[in-house]
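Structure at a glance
Spelled out, the chains give:
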Amino acid sequence: MKAAQLVLALVILVTVHEFGHYIFARIFGVKVNRFYLFFNPGYSLLRYDPMKGTLDVFARNGSKGAFTFKVGKERLPRPDGKPTWRDTIYGLGWLPLGGYCDIAGMIDETKDASQLASEPQSWELRSKPAWQRLCVMVAGVALNFVLAIAIYIGIALHWGDSVIPFQAMTEGMDFSEEMHQAGFRDGDILLSLNGKELDAKDYSLAWDMLQPGARVDVMRDGDTALVVISDKLIRQIATKGKDYEPMTMRVPVYVAKLMPGEPAAKAGLAPGDRILAVGADTVPSITEFLPALKAHAGQSVPMKLLRADGSTETASVEVSDAGKIGIQMLSPLEIFDLQTVKYNFWQSIPRGWEIGTDRLGSYVSSMKLIFTKEGAQSLGGFGTLGDLFPNQWNWYSFWQITAFLSIILAFMNIIPIPGLDGGYTLFLLVEIITRRKPSDRFLEIANTCGFIFLILLLVYANGNDIYRFFIK
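The paragraphs below set out a description of the structure included in this document. (Residues numbered from 1 in each chain as written. Predicted model: local features only at pLDDT ≥ 70, side-chain atom pairs only at ≥ 80, totals over all residues. Heavy atoms only, no water.)

1. With respect to the packing of aromatic side chains
The final tally for this structure, using the stated rule, is 21 aromatic pairs. Measuring from centroid to centroid gives 5.9 Å for Tyr43 and Trp94, while their planes differ by 15°, and the two rings are stacked. Taken together, the residues span a long stretch of sequence, with Tyr43 in strand β2 (residues 43–49) and Trp94 in the loop between β5 (89–92) and β6 (95–103) at a distance of 51 residues. You can call Trp94 partly exposed: its relative accessible area is 36%. On the basis of an interplanar angle of 75° and a centroid distance of 5.0 Å, the ring pair of Phe398 and Trp399 is categorised as edge-to-face. (Phe/Tyr/Trp six-rings, centres within 6.5 Å; stacked < 30°, edge-to-face > 60°. Helix = DSSP H or I, 4+ residues; strand = E, 2+ residues; numbered from the N terminus. Buried < 20%, exposed > 50% of the residue type's maximum accessible area, 1.4 Å probe, protein only.)

What follows is the structure, given as structure tokens:
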């Protein structure tokens, strides 16, 4: 199920990214030789040639497919030589590591300078002004970011926001050991971050709280306290797995249902009762309640109860050998005030923009971690990406994760590494500023080096996945 969600997300993201390059190339009259979803080393699963009017299935590169269907009539190129959409071969590769848009007159890792030794043609990218080539290069990144914003707008419009405000969490939060070392204490109620009141609807909040120098105000034992985040906290957390939670909500123990014939029912507990203490142990939340039950397993223990009418009583309850008393507890959504915000179409647009830009800002700020030992160890490949998705299909989670992956794809592609869109963009900016175009040979060498670096990075990231799954 996770793999299916990842593949669908990649189909959407890669298609949109490559379509950005394709559509701007077509706008400026540049021929696109091939448009492929996924890579096709050796052969293609599907290959459509509009000029020939054929659809090949399981086709080896350079030859006909195992099955060839005639889906249109054969056409000739335009007499004036201008390229059309029919000059492009559209295909589906078998290797789901991305996709590509083969633009005529562009040096990339699949071409060398000798292939472009002839005189530039009007329909080639290299014959276009630098500003047009720049638009073609950044279009993929731009469309990925636009896609993320559009998805977040759709999420806001369809689902809105349903959150429990931090101030409504009367028992505060539980924190991990790393957060304890940073200065937080279990039971702290979060108030503000850098002087701004914390909003549970803020998607980047958890990440912003971990930034070095962040100033977090909390309510502790009736007084306010300040926690200033050190530089080492984010490095400590970077190596944790995806299931690691730096903080979780503390939930008070309220009885929802009683199991007939079980100890709680026999002792007279009732739905709506809150359990305040087990023996001598105060249990403000489930965090303390469950260990207290286990400590008294197989014993009869007095429990202090807060009744629904506000009175307090003590009842003697038998705890089973498994540390259970036969109750079902209320969920946080049934205890705390749930804040639900609905957006109409016009309201969802700024909300989607806010979420998208916040996510982008948080991701960009996290990139400095890659240059630390902990950050390098936390890099992951397709296993890590697939593990982001839930075990069961959930459209809300799917679109949330797909939007975030679209932001990642946009940012990673604009990094100025030869072979990525950012590398081409850097060379074009240098050309625009200096009015000197890099030689084709230089671009060939740079792109080859960049491609080798990206392959090594891909191997390292997926190697980390293998190590974590099979060894660590």
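Now that the structure has been shown, the text picks up again.
2. Focus on the sheet that holds strand β11 (residues 215–220)
Read from one edge of the open sheet, four strands run β10-β9-β11-β12, paired in antiparallel fashion. The open sheet terminates on both sides in strands that have one partner only, identified here as β10 (196–197) and β12 (223–228). Sheet analysis places strand β9 (residues 189–193) next to β10, joined by two bridges and oriented antiparallel. Its bridge partner being in β10, Ser192 is matched across the sheet by Glu197. (Pairing = 2+ DSSP bridges.)

3. So, the pattern of salt bridges
Working definition: two side chains of opposite charge can pair if their charged atoms are close together. Under the definition given, this model contains 14 salt bridges. Between Glu171 and Arg274 there is a salt bridge whose closest N-O contact spans 3.1 Å. Residue Glu171 is found in the loop between β7 (161–163) and β8 (173–175), and its partner Arg274 is found in strand β15 (residues 274–278); the two are separated by 103 residues along the sequence. With respect to burial, Glu171 and Arg274 carry one shared label: buried. We note a salt bridge from Glu288 to Arg250, for which the minimum N-O separation is 2.7 Å. Taken together, the residues Glu288 in helix α7 (residues 286–295) and Arg250 in the loop between β13 (247–249) and β14 (255–258) connect sequence positions 38 residues apart. A cluster of three or more residues bridged by salt bridges with shared partners is formed by Asp161, Arg351 and Glu354. (Salt bridge = Lys/Arg side-chain N within 4 Å of Asp/Glu carboxyl O.)

4. Brief notes about the nonpolar core
One finds Phe184, Leu190 and Met209 to be the most contacted residues of the largest nonpolar core, which totals 25 residues. Residue assignment for this core shows that the elements contributing at least two residues are β8, α3 (177–182), β9, β11, β12 and α5 (232–238). In contact with Phe184, not counting residues within four places along its chain, are Phe175, Met179, Leu190, Met209, Val216, Val218, Arg220, Val227 and Ile229. In this structure, Leu10, Leu37, Ile151 and Ile401 belong to the second largest nonpolar core, which totals 23 residues. (Core = buried A, V, L, I, M, F, W, Y, C linked by side-chain atoms within 4.5 Å. Contact = heavy atoms within 4.5 Å.)

5. Structural notes on the pairing of β9
Where burial is concerned, most of β9 is hidden: four out of the five residues are buried. By the bridge criterion, four bridges tie β9 to β11 in an arrangement that is antiparallel. Bridged to Leu193 within β11 is Val216. Taken together, β9 and the strand that follows it, β10, pair antiparallel across an intervening segment of two residues, in which Asn194 is found at a positive phi of about 55°.

6. Quick word on the packing of helix α2 (residues 130–158) against helix α12 (residues 395–414)
When two helices pack together, their arrangement is captured by the angle between the axes and the distance separating the axes. At a minimum axis separation of 8 Å, α2 and α12 run at an interaxial angle of 155°. In terms of axis orientation, α2 runs roughly antiparallel to α12. The crossing of α2 and α12 is left-handed. Contacts between α2 and α12 involve Val138, Val141, Asn144, Phe145, Leu147, Ala148, Ile151, Tyr152 and Ile155 from the first element and Tyr396, Trp399, Gln400, Thr402, Ala403, Phe404, Ser406, Ile407, Leu409, Ala410, Asn413 and Ile414 from the second. Of the residues in the contact of α2 with α12, the class split is 16 nonpolar, five polar and no charged. (Axes fitted to C-alpha atoms, helices over the stretch in contact; angles between N-to-C directions. Parallel < 35°, antiparallel > 145°, perpendicular 65-115°, else oblique. Left-handed = near helix turned anticlockwise from the far one by under 90°. Nonpolar A, V, L, I, M, F, W, Y, C, P; charged D, E, K, R; others polar.)

This is a description of form; function is not addressed.
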